[in-house]
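This is what each chain is made of:
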Amino acid sequence: MLEIRNLHATVEGREILNGIDLIVRPGEVHAIMGPNGSGKSTLANVIAGREGYIVTEGEITFDGKNLLEMAPETRACEGLFLAFQYPVEIPGVANLYFLKAAVNAVRKYRGEPSVDAMDFWELIHQRMDLVKMDESMLKRSVNEGFSGGEKKRNEVFQMAVLQPRFAVMDETDSGLDIDALKVVADGVNALRSPERGFLVITHYQRLLDYIVPDQVHVLFNGRIVRSGGKELALELEEQGYALYNEEPGRARRAAA
Amino acid sequence: MTAAAAALPDRYRPDFAGFAADRREPDAIARLRRKAFTRFETLGLPTRQQEDWRLTDLSGLQQWNLQPPTIVPVDAGALPTLDLPAHRLAFVNGRYAPGLSQLREMPDQALIASIGQALLTHPELIVPYLDRLPGLEQHPFAALNTAFWEDGALVYLPPGTVVETPIHLIFHATGSDMAVYPRLLLALDEGAQATVIVEYQGAGRYLNAPVTEARLGDDAVLHYHKIQQESPAAFHFGGIRLQQGRNSEAYVHLLSFGGLVARTDLEALLDGEGANCTLNGLTLARDQQFSDVHVRVDHAQPHGSSQQVFKSVLDGKARTVFDGMIHVRPHAQKTDARQVSRNLLLSRQAQANSNPRLEILADDVKCGHGSTTGFLNPDAEFYLRARGISASRARAMLVHAFANDSLNQIRLTPLRERLAHLLAAGLALDFMETE
Ligand SMILES: Nc1ncnc2c1ncn2[C@@H]1O[C@H](COP(=O)(O)OP(=O)(O)OP(=O)(O)O)[C@@H](O)[C@H]1O
Ligand SMILES: [Mg+2]
């Protein structure tokens, strides 16, 4: 469903992604691991369509459609979701109002009428229970004054409400306590279905105990240097990325 | 004085003689007009050499050949409504339009009327009070108003009178190269309460220079809304003088959306102990608009408080000015005075000027001011768009978030909603109902 071919991207004139190839099929969960600064968030932002991230070569298609031609909101309406590594605080915009605007934007895109108030209320409460979020968060401004963990939880909550077909989760597990980690995993697992795909960016093997991936990729210096099954995450946990710091030949040998 | 500055008074001299000759009104008023016109001749039109008018560009106005207003029929549909029962007085080109007005029953001895008519029936409520409040002495357009005003509104509430029904005053101007000078006299005696909404709007190229004088007795409460929505070619120079007695409360909302060049000068004198003055300003300026607020809050007595929050949203090549002075006299101990100015720039070419000033002559006071100017947060915009919200709606939501607490101060719900729509429409933003 998501196909990335030979993707090169620059940020402020610097090449960050140097030829990424990645295919996620419906129903699959792929994990991306890699050291700080290797380009994981850059990849996520390119997929979501953030300004300033310039694709210089390659393509991304989503269900066969050229994703790179679409505005960020169109991608979201097509069913793409990015859980931000650093969710933004938006003072003055209430969470509930924001969610309703988002739900209705997607419905409008699909040619559906605005959501019925009662249905929306039920959906919200059901999803709030799923991520164990407090009702008071709905009235507060988007992420304003939320703790790190609350912000991440709010990302999962939004995902649960919007029910995207493909979600990119950028370190949604970072900074979470064990209980919150389970909540995030439950949020993802509840959405897992044969039609949906996930790209889970993480630094910790631990998350992958809860969200079991079909494939794990190592992103290093803007390239996927290795791909494997879920056991690759365990190996990385033990050995770190030092191996990949050498010339690429060794990394390939290690992969073989 | 520059040649340009002298030009307008010369053009007005014959007008004033003719204007004054025709009028049948008390001598005291005629004297007031002559005095004001003489003052205007001395002041001349403002020039950019004057500190107070440094940023105001009047060159456009000086090209005009100003004419006295004419009488034109206006369709009721062209005027705003409050969508609430209201005492409604409408004025077209500065003259009372009874057909577009609706007067309701008033408490005993209270009066809401055309000031032109009331001058004949109740001169005792006008003559002793007109042009008596301090402030705006150096304001040439206020002087022109006192010389040339033809009509406007009088609101008089005797002691203890509480008028729940809002008082809606609409000033519509239409024509070209025309000047109108509406006059408002509000007198709330001891303990009286009123909510007043003044709307300025119109079509064509005109100058509107209204003056409002509001006198609040002890314990009086006034909610005053000025909604400036003049035509895109209009010049608007409004003056407001406010005098507050002991423990009186004034809530003044200044909403400025229209006009090519618009400016409001407000002088508030807190002349009784414990008076409170709350000023809530929201300006929208876009394209080539210039919009200016000059405020002076004068704390003359102890235990007074004032809160000013002025916000501007700017787009295109618009420019705004906020010039705010808090003056605390030596005697006004325990004064609590706050002032905040915040500007949101939607374009790189827009320019916001804030000039907060304090003059504090008492030693036991709490005073503070602050000013911020910034752009929309691109990260917030992206965050909203990444959830499927269109770029224009995302911007609307963020602008609304900026302006929301100003709009929320307005307690009349239909008015508040109309203003939220106006704000969004003014910025060509996609607007969605809030909860
Ligand atoms: N907006 C930006 N401006 C300048 N440099 C950027 C920007 N975004 C990313 N970069 C640079 O691109 C490189 C990759 O950053 P990226 O955020 O993709 O790393 P990451 O793999 O997500 O790291 P982490 O694990 O720390 O989140 C870094 O060197 C970073 O400084
Ligand atoms: Mg990152």
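Residues numbered from 1 in each chain as written. Chains lettered and ligands numbered in written order. Predicted model: local features only at pLDDT ≥ 70, side-chain atom pairs only at ≥ 80, totals over all residues. Heavy atoms only, no water.

### Topic: the overall build of chain A
Thinking step 1. Along chain A, the regular secondary structure elements total 10 helices and 12 strands.
Thinking step 2. Since a compact globule built from 256 residues should have a radius of gyration of about 18 Å, the 18 Å found for chain A is in line with a globular shape.
Thinking step 3. With the C-alpha coordinates aligned to their principal axes, the bounding extent of chain A is approximately 60 × 40 × 35 Å.
Thinking step 4. Taken over 256 residues, chain A has a buried fraction of 54%.
Thinking step 5. Within chain A, counting contacts between residues at least 6 apart in sequence, those at least 24 apart form 68% of the total.
Thinking step 6. Total accessible area on chain A is roughly 11300 Å²; 47% of this is exposed by carbon and sulfur atoms. (Helix = DSSP H or I, 4+ residues; strand = E, 2+ residues; numbered from the N terminus. Rg over C-alpha atoms; globule rule 2.2 N^0.38 Å. Buried < 20%, exposed > 50% of the residue type's maximum accessible area, 1.4 Å probe, protein only. Contact = heavy atoms within 4.5 Å. Areas by Shrake-Rupley, 256 points an atom, 1.4 Å probe, with all protein chains shown as cover.)

### Re the site of ligand 1
Residues and elements named next belong to chain A.
Thinking step 1. As a matter of local geometry, ligand 1 sits amid 16 residues, with Gly37, Lys40, Ser41, Thr42 and His203 nearest to it.
Thinking step 2. One of the side-chain N or O atoms of threonine 42 is found 2.5 Å from an oxygen atom in ligand 1.
Thinking step 3. Calculation on ligand 1 without its partners gives an accessible area of 630 Å², and the protein chains cover 69% of this total.
Thinking step 4. Sorting the residues of the shell around ligand 1 by element identifies β2 (14-24) and α1 (40-48) as the ones contributing at least two each.
Thinking step 5. Here the shell around ligand 1 takes three residues from α1, the largest share from any one element.
Thinking step 6. Broken down by class, the residue content of the shell around ligand 1 amounts to four nonpolar, eight polar and four charged. (Near = heavy atom within 4 Å. Polar contact = N/O pair within 3.5 Å; in protein donor to acceptor, adjacent residues only side chain to side chain. Nonpolar A, V, L, I, M, F, W, Y, C, P; charged D, E, K, R; others polar.)

### As for the pairing of strand β1 (residues 87-92) of chain B
Where a strand is regular, its side chains alternate between the two sheet faces.
Residue and element names in this part refer to chain B.
Thinking step 1. Among the six residues that make up β1, six are buried, leaving the element largely enclosed by the rest of the structure.
Thinking step 2. Of the two faces of β1, the one holding His87, Leu89 and Phe91 and the one holding Arg88, Ala90 and Val92 are both buried throughout.
Thinking step 3. Note that β1 and strand β5 (residues 167-180) share six bridges and pair parallel. Bridging across to β5, leucine 89 finds its partner in leucine 169.
Thinking step 4. Summarising the sheet, β1 and strand β2 (residues 95-96) pair through two bridges and their orientation is antiparallel. Paired with valine 92 across the strands is arginine 95, a residue of β2.
Thinking step 5. The turn joining β1 and β2, which pair antiparallel and follow one another in sequence, is formed by two residues; a positive phi near 50° is taken by asparagine 93. (Pairing = 2+ DSSP bridges.)

### A word on α1(A)
All names here are of chain A.
Thinking step 1. In terms of burial, α1 is largely enclosed, as eight of its nine residues are buried.
Thinking step 2. Inspection of α1 places Lys40, Thr42, Leu43, Ala44, Asn45, Val46, Ile47 and Ala48 among the buried residues, and these make up the whole buried set.
Thinking step 3. Positive backbone phi, approximately 90°, marks glycine 49, located one or two places after α1.

### A look at the sheet that holds strand β5 (residues 65-66) of chain A
Strand pairing in a sheet relies on backbone hydrogen bonds. The paired strands run either parallel or antiparallel.
All names here are of chain A.
Thinking step 1. With antiparallel pairing, four strands are arranged side by side in an open sheet as β2-β1-β4-β5. Sheet topology places β2 and β5 at the edges, where each strand pairs with a single neighbour.
Thinking step 2. As judged from the eight bridges shared by strand β1 (residues 2-11) and strand β4 (residues 53-62), these two strands associate in the antiparallel manner. Bridging across to β4, isoleucine 4 finds its partner in isoleucine 60.
Thinking step 3. Set on the sheet, α1 makes contact with β1, β2 and β4; between it and β1 the angle comes to about 110°. (Axes fitted to C-alpha atoms, helices over the stretch in contact; angles between N-to-C directions.)

### A look at the interface of chain A and chain B
Thinking step 1. At the junction of the two partners, chain A supplies 33 residues and chain B supplies 21 residues.
Thinking step 2. Between chain A and chain B, a total of about 2200 Å² is buried, with carbon and sulfur atoms accounting for 67% of that surface.
Thinking step 3. Put simply, chain A and chain B have three salt bridges between them.
Thinking step 4. Viewed at the interface, chain B and chain A are joined by nine residue pairs in polar contact (both at pLDDT 80 or more).
Thinking step 5. Of all the secondary structure elements, the ones that give two or more residues to the side of chain A that touches chain B are α1, α2 (72-77), β6 (80-83), β7 (90-94), α3 (95-109) and α6 (148-162) of chain A. (Buried area = accessible area lost by both parts, 1.4 Å probe. Salt bridge = Lys/Arg side-chain N within 4 Å of Asp/Glu carboxyl O.)

### A few points about the UniProt feature "domain: SUF system FeS cluster assembly SufBD core" (unreviewed entry) in chain B
Thinking step 1. As recorded in UniProt, the feature "domain: SUF system FeS cluster assembly SufBD core" (unreviewed entry) lies at residues 173-402 of chain B.
Thinking step 2. Along residues 173-402 of chain B one finds 9% helix and 62% strand; the C-alpha atoms at either end are 31 Å apart. (UniProt positions renumbered as here; feature names shortened; annotations may be inferred.)

### Some points on the packing of aromatic side chains
Residues and elements named next belong to chain B.
Thinking step 1. Following the criterion strictly, the structure yields 19 aromatic pairs over all chains and no others.
Thinking step 2. Where phenylalanine 37 meets phenylalanine 40, the ring centres are 6.3 Å apart and the plane angle is 40°; that geometry is what we call tilted. Placement of the pair is phenylalanine 37 and phenylalanine 40 together in helix α2 (residues 27-43), with a separation of three residues, close to one helical turn.
Thinking step 3. For phenylalanine 37, a relative accessible area of 5% corresponds to the buried category.
Thinking step 4. Residue classification places phenylalanine 40 among the buried residues on the basis of a relative accessible area of 0%.
Thinking step 5. For the pair phenylalanine 37 and phenylalanine 148, a centre-to-centre distance of 5.9 Å together with 90° between the ring planes defines the contact as edge-to-face. With phenylalanine 37 in helix α2 and phenylalanine 148 in helix α5 (residues 140-148), the pair connects residues that are 111 residues apart, well separated along the chain. (Phe/Tyr/Trp six-rings, centres within 6.5 Å; stacked < 30°, edge-to-face > 60°.)

### Here we look at the domain arrangement of chain B
Residue and element names in this part refer to chain B.
Thinking step 1. Looking at chain B, the domain boundaries give domain 1 (3-272) and domain 2 (380-435).
Thinking step 2. Put simply, the middle of domain 1 and the middle of domain 2, counted by C-alpha atoms, are 31 Å apart.
Thinking step 3. Each side of the interface is counted separately: domain 1 has 16 residues, and domain 2 has 11 residues.
Thinking step 4. Together domain 1 and domain 2 conceal approximately 1000 Å² of surface at their shared face, both sides included; 74% is due to carbon and sulfur atoms.
Thinking step 5. On the domain 1 side of the interface with domain 2, the three residues burying the most area are His253, Leu255 and Phe257, jointly 35% of the side's total. (Domains from an automatic or database assignment.)

### A short note on the coordination of the magnesium ion (ligand 2)
Thinking step 1. Taken together, Ser41(A) (OG) and Gln85(A) (OE1) make up the protein donors of the magnesium ion (ligand 2), found 2.0 to 2.1 Å from the metal. With a gap of 44 residues between them, Ser41(A) in helix α1 and Gln85(A) in the loop between β6 and β7 connect regions that are remote in the sequence. (Donors = N, O, S within 2.8 Å, 3.2 Å for Na, K, Ca; no water.)

### Topic: unusual backbone geometry
Residues and elements named next belong to chain B.
Thinking step 1. In this structure, aspartate 177 takes a positive phi of about 50° despite not being glycine.
Thinking step 2. Tracing the chain through its elements places aspartate 177 in strand β5.
Thinking step 3. With relative accessibility at 14%, the residue aspartate 177 sits in the buried group.
Thinking step 4. For histidine 303, which is not glycine, the phi torsion reads 65° and is therefore positive.
Thinking step 5. Inspection of the secondary structure puts histidine 303 in the loop between β14 (290-299) and β15 (305-314).

### Details of the side chain of His236(B)
All names here are of chain B.
Thinking step 1. Position of histidine 236 relative to the elements: it lies in strand β10 (residues 235-244).
Thinking step 2. Judged by its relative accessible area of 0%, histidine 236 falls in the buried class.
Thinking step 3. Residues contacting histidine 236, with those up to four places away along its chain left out, are Tyr200, Asn208, Pro210, Lys226, Gln228, Glu230, Val261, Ala262 and Arg263.

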